[in-house]
Amino acid sequence: MDQRTRTNYRMKIEDEQIDNHTFAEEDAIWQMIREGKVESVKKIRQLSQSAYPLVIEHDVKKNEEYMVVSSIATLARVAISVGITSAESFLLSDLMLRELSFAKTVNEVHDVMVEAYVAYAELVRDHLETRSMNNYVEDCKKDIIKNIFKAISLSDIAKDLGIQPAYLSRLFSEHEGQTVTAFIHEQKISVAKNMLMYSDRSIAEIADYLKFNSQSYFGKLFKKYTGITPKVYRDTHHLPEF
């Protein structure tokens, strides 16, 4: 496009007093999408036709369709930028473009645009919530491993992570398919197996090191997770120190 064409187009916009949308206004919408703010996005009403210049003259509907296609393409890439897979993002994009193909009026075209904003905001919100859940679960596991030689409780871990114990318990069970307590026991028994195999510490000392309430309780849990008692495990697996 040459300078003459650009200049004439700009003068035409000024003559028609079209209030073209600014980058800041547009980016504010994209930021809502990036943050998954569904309720904020739902408050966005249909954008007035004056928000965009008539790229395709004498055909308002076609002009609006052009703008919606552009917006959907941008939405797909905004979603990808926050971690949505390209396959998932472009699938939603295809669905929105399909909806657009059925729009018969300018208002219906606008409805598709608003629907696309909300759909992408919901997609990002769900992704961020899942990522947050995964982070809490992984941080919980790290906290357990770091404090394996201490008495560990669900409430202590939740306090470390800054969330409610019941919430952490639910997240962990949904994500791992077992309770936090079961995971703690598994990790402690795993360490106990190494201590029985590679150290000469007594079974009572190992139970104490790992902060089990008693040697008998330690033996009961050990058999639950390994099928044999600590003594049998040591007798069959112990490697003496040289």
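For the structure, check the block above.
Let us look at the structure shown here.

What counts and how
- Residues numbered from 1 in each chain as written.
- Predicted model: local features only at pLDDT ≥ 70, side-chain atom pairs only at ≥ 80, totals over all residues.
- Heavy atoms only, no water.
- Phe/Tyr/Trp six-rings, centres within 6.5 Å; stacked < 30°, edge-to-face > 60°.
- Helix = DSSP H or I, 4+ residues; strand = E, 2+ residues; numbered from the N terminus.
- Core = buried A, V, L, I, M, F, W, Y, C linked by side-chain atoms within 4.5 Å.
- Buried < 20%, exposed > 50% of the residue type's maximum accessible area, 1.4 Å probe, protein only.
- Contact = heavy atoms within 4.5 Å.
- Salt bridge = Lys/Arg side-chain N within 4 Å of Asp/Glu carboxyl O.

1. Brief notes about the packing of aromatic side chains
- What the rule picks out here adds up to 8 aromatic pairs.
- Ring geometry for Phe 149 against Tyr 209: centres 6.5 Å apart, planes inclined by 75°, an arrangement best described as edge-to-face. Of the two residues, Phe 149 sits in the loop between α6 (106-146) and α7 (154-161) while Tyr 209 sits in helix α10 (residues 203-209), which places them 60 residues apart along the sequence.
- In this structure an aromatic cluster arises from ring pairing among Phe 212, Tyr 217, Phe 218, Phe 222 and Tyr 233.

2. Considering the nonpolar core
- Judged by nonpolar contacts, the single largest core of 29 residues is most densely connected at Trp 30, Ile 33, Val 41, Val 68, Leu 75, Tyr 117 and Tyr 120.
- At the level of secondary structure, the elements contributing two or more residues to this core comprise α2 (23-34), α3 (38-42), α4 (60-81), α5 (86-101) and α6.
- Excluding anything up to four places from it in sequence, Leu 75 contacts Trp 30, Ile 33, Ala 116, Tyr 117 and Tyr 120.

3. Focus: the side chain of Ser 71
- The residue Ser 71 is located in helix α4 in this model.
- Note on Ser 71: relative accessible area 7%, which makes it buried.
- Setting aside chain neighbours within four positions, we find Ser 71 in contact with Trp 30, Met 113 and Tyr 117.

4. Brief notes about unusual backbone geometry
- In the Ramachandran plot, Lys 211 falls in the positive-phi region, its phi being about 60° despite a non-glycine side chain.
- Position of Lys 211 among the secondary structure elements: in the loop between α10 and α11 (215-226).

5. Focus on the environment of Phe 172
- Within the secondary structure, Phe 172 is located in helix α8 (residues 165-176).
- For Phe 172, a relative accessible area of 0% puts it in the buried group.
- Along the chain, Phe 172 and Phe 183 lie 11 residues apart, while their C-alpha atoms are 9.6 Å from each other.
- Ignoring anything within four residues of it in the chain, the contact list for Phe 172 reads Val 137, Cys 140, Lys 141, Gly 177, Gln 178, Thr 179, Val 180 and Phe 183.

6. Things to note about the pattern of salt bridges
- Overall, the coordinates contain 10 salt bridges when judged by the stated rule.
- Lys 141 is paired through a salt bridge with Glu 138; the nearest N and O atoms lie 3.6 Å apart. One end of the pair is Lys 141 and the other is Glu 138, both in helix α6 and 3 residues apart, which spans about a single turn.
- Under the relative-accessibility criterion, Lys 141 is labelled buried at 18%.
- A salt bridge links Lys 141 to Glu 176, with the nearest nitrogen and oxygen atoms 3.5 Å apart. A residue pair is termed long-range when its members are at least 10 positions apart, and Lys 141 in helix α6 and Glu 176 in helix α8 qualify at 35 residues.

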